[in-house]
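If you want the building blocks of each chain, they are given just below.
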Amino acid sequence: ILPDDYRGACYTIGHHAFYSHDNITSLTIPYCVTSIGNSAFEACSNMKEIFLSESVSSIGNNAFSNTHIESIVIPECVTYLSLSAFIGCYNLKFITLPENLIEVYSYSSFTSCSNEDKVVLKGYKDSKCFDFAKENGIKFMYINDGIEYMLGDYDGNTEIDAADASAILTTF
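Everything in this summary refers to the structure shown in the same document. Please read these numbers as outputs of a predicted model, since none were measured by experiment.

Glancing now at the overall build of the chain. Each helix and strand in the chain was counted, giving two helices and 12 strands. Mapped in sequence order, the helices and strands of the chain form the string β-β-β-β-β-β-β-β-β-β-α-β-β-α. Across the chain, every contact between residues at least 6 apart in sequence was considered, and the portion connecting residues at least 24 apart equals 28%.

Dropping the structure here:
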């Protein structure tokens, strides 16, 4: 659906470019795309998967709002995440944020989802993502040398519960 380049050059996916295109179910953003405009894929109600290339450096407001994506990995070169990027993504479970993320503009980037209490942010311990999750009571899974860990999730089932507390206490 998207070309690798535009006349030999990198390009931006413009504002509202694919707004409400119901025929999109899965999408890989090519390496030559540098930014995704506001509402570029908003209301693509059948979109379940999106893979962003490492060349993407900015993601606009509402870029993926009201889609059915279940997880997304934000590329390392994204340093700011715009407001409401994922509002209405009811199936969203995991968002992996880059280590060098400087700022998440708003908690609303990940809210207004019926699933918001189950959303897990993945990132690096002591990063901006870690601080953001802690400040807003969002579950956080940290990445260390490519291995993912859920803080407090001893048994690795992505739930922090009494079994985890019991297992942790028996190790001390």
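Resuming the write-up.
Attention now goes to the nonpolar core. Within the largest apolar cluster, 41 residues are counted, with the highest numbers of intra-cluster contacts made by I13, I29, I36, F41, F64 and F86. Among the elements that make up this core, the one with the highest residue count is helix α1 (residues 128-136) (four residues). Once residues within four sequence positions are removed from consideration, F64 is found in contact with I36, F41, I50, L52, I59, I69, I72, A85, F86 and C89.

In spatial order, the strands read β1-β3-β5; together these three strands make up an open sheet with parallel pairing. Across the chains shown, the open sheet's two edge strands, defined by having one partner strand only, are β1 (11-13) and β5 (58-59). Sheet topology places β1 next to strand β3 (residues 33-36); three bridges connect them, and they run parallel. In the sheet register, Y11 faces β3, and the bridge partner there is V33.

Put plainly, two cysteines are in a disulfide when a covalent bond ties their sulfur atoms together. Counted by the stated rule, this structure contains one disulfide. Put simply, C10 and C32 are joined by a disulfide, and their sulfur atoms are 2.5 Å apart. Here the S-S torsion is close to -75°, and the disulfide linking C10 with C32 is therefore left-handed. Here the residue C10 occupies a position in the segment before β1, and C32 occupies one in the loop between β2 (26-28) and β3, the gap between them amounting to 22 residues. The partly exposed category is assigned to C10, whose relative accessible area is 45%. C32 sits in the buried class, given a relative accessible area of 13%.

The next subject is unusual backbone geometry. Where the residue is not glycine, phi is negative for most of them; where a peptide bond is considered, it is trans in most cases. Positive phi outside glycine occurs at N62, with the angle close to 60°. On the accessibility criterion, N62 (22% relative accessible area) is partly exposed.

Applying the stated rule across the entire model yields three aromatic pairs. Pairing F18 with F41 gives two aromatic rings, centres 5.3 Å apart and planes at 0°, and the pair type is stacked. Highlighted residues: F18 in the loop between β1 and β2 and F41 in the loop between β3 and β4 (49-51), separated in sequence by 23 residues. When its relative accessible area of 15% is taken as the criterion, F18 is described as buried. Judged by relative accessible area, which is 0%, F41 ranks as buried. Relative to F64, the ring of F41 lies with its centre 5.9 Å away and its plane at 5°, an arrangement referred to as stacked. Placement of F41 in the loop between β3 and β4 and of F64 in the loop between β5 and β6 (71-73) is noted, with a sequence separation of 23 residues between them. Relative accessible area serves as the criterion here: at 0%, F64 is assigned to the buried category.

Next up on the list: the side chain of E42. Position of E42 relative to the elements: it lies in the loop between β3 and β4. The side chain of E42 is buried and forms no salt bridge, while K48, the nearest opposite charge, is found at 20 Å. Beyond its immediate stretch of four places on either side in the chain, E42 contacts F18, Y19, S20, N62, A63, S65 and N66.

What counts as what
- Residue numbering note: each chain is counted from 1, following its sequence as written.
- The predicted origin of the model limits local features to residues at a pLDDT of at least 70 and limits the giving and counting of side-chain atom pairs to 80 or more, whereas totals for whole chains, interfaces and linings rest on all residues.
- Side-chain metrics in this entry use all non-hydrogen atoms of the structure; hydrogen atoms and water are not considered.
- Secondary structure counts use DSSP, requiring at least four H or I residues in a row for a helix and at least two E residues in a row for a strand, with both numbered from the N terminus.
- By definition in these notes, contact holds between two residues if any of their heavy atoms fall within 4.5 Å.
- Each nonpolar core is a collection of buried residues, namely Ala, Val, Leu, Ile, Met, Phe, Trp, Tyr and Cys, held together in the definition by side-chain atoms within 4.5 Å.
- A 1.4 Å probe rolled over the protein chains alone gives each residue an accessible area, and that area as a share of the maximum for its type sets the label: buried under 20%, exposed over 50%, partly exposed in between.
- By the convention used here, strands pair only if DSSP detects at least 2 bridges between them.
- Note on terminology: disulfide denotes any pair of cysteine sulfur atoms within 2.5 Å.
- Think of it this way: a Phe, Tyr or Trp ring, Trp meaning its six-membered ring, pairs with another when their centres are within 6.5 Å, and the plane angle makes it stacked under 30 degrees, edge-to-face over 60, tilted otherwise.
- Counted as positive: Lys and Arg. Counted as negative: Asp and Glu, with His and the chain ends omitted from the count.
- Whenever a carboxyl oxygen of Asp or Glu lies within 4 Å of a side-chain nitrogen of Lys or Arg, that contact is scored as a salt bridge.

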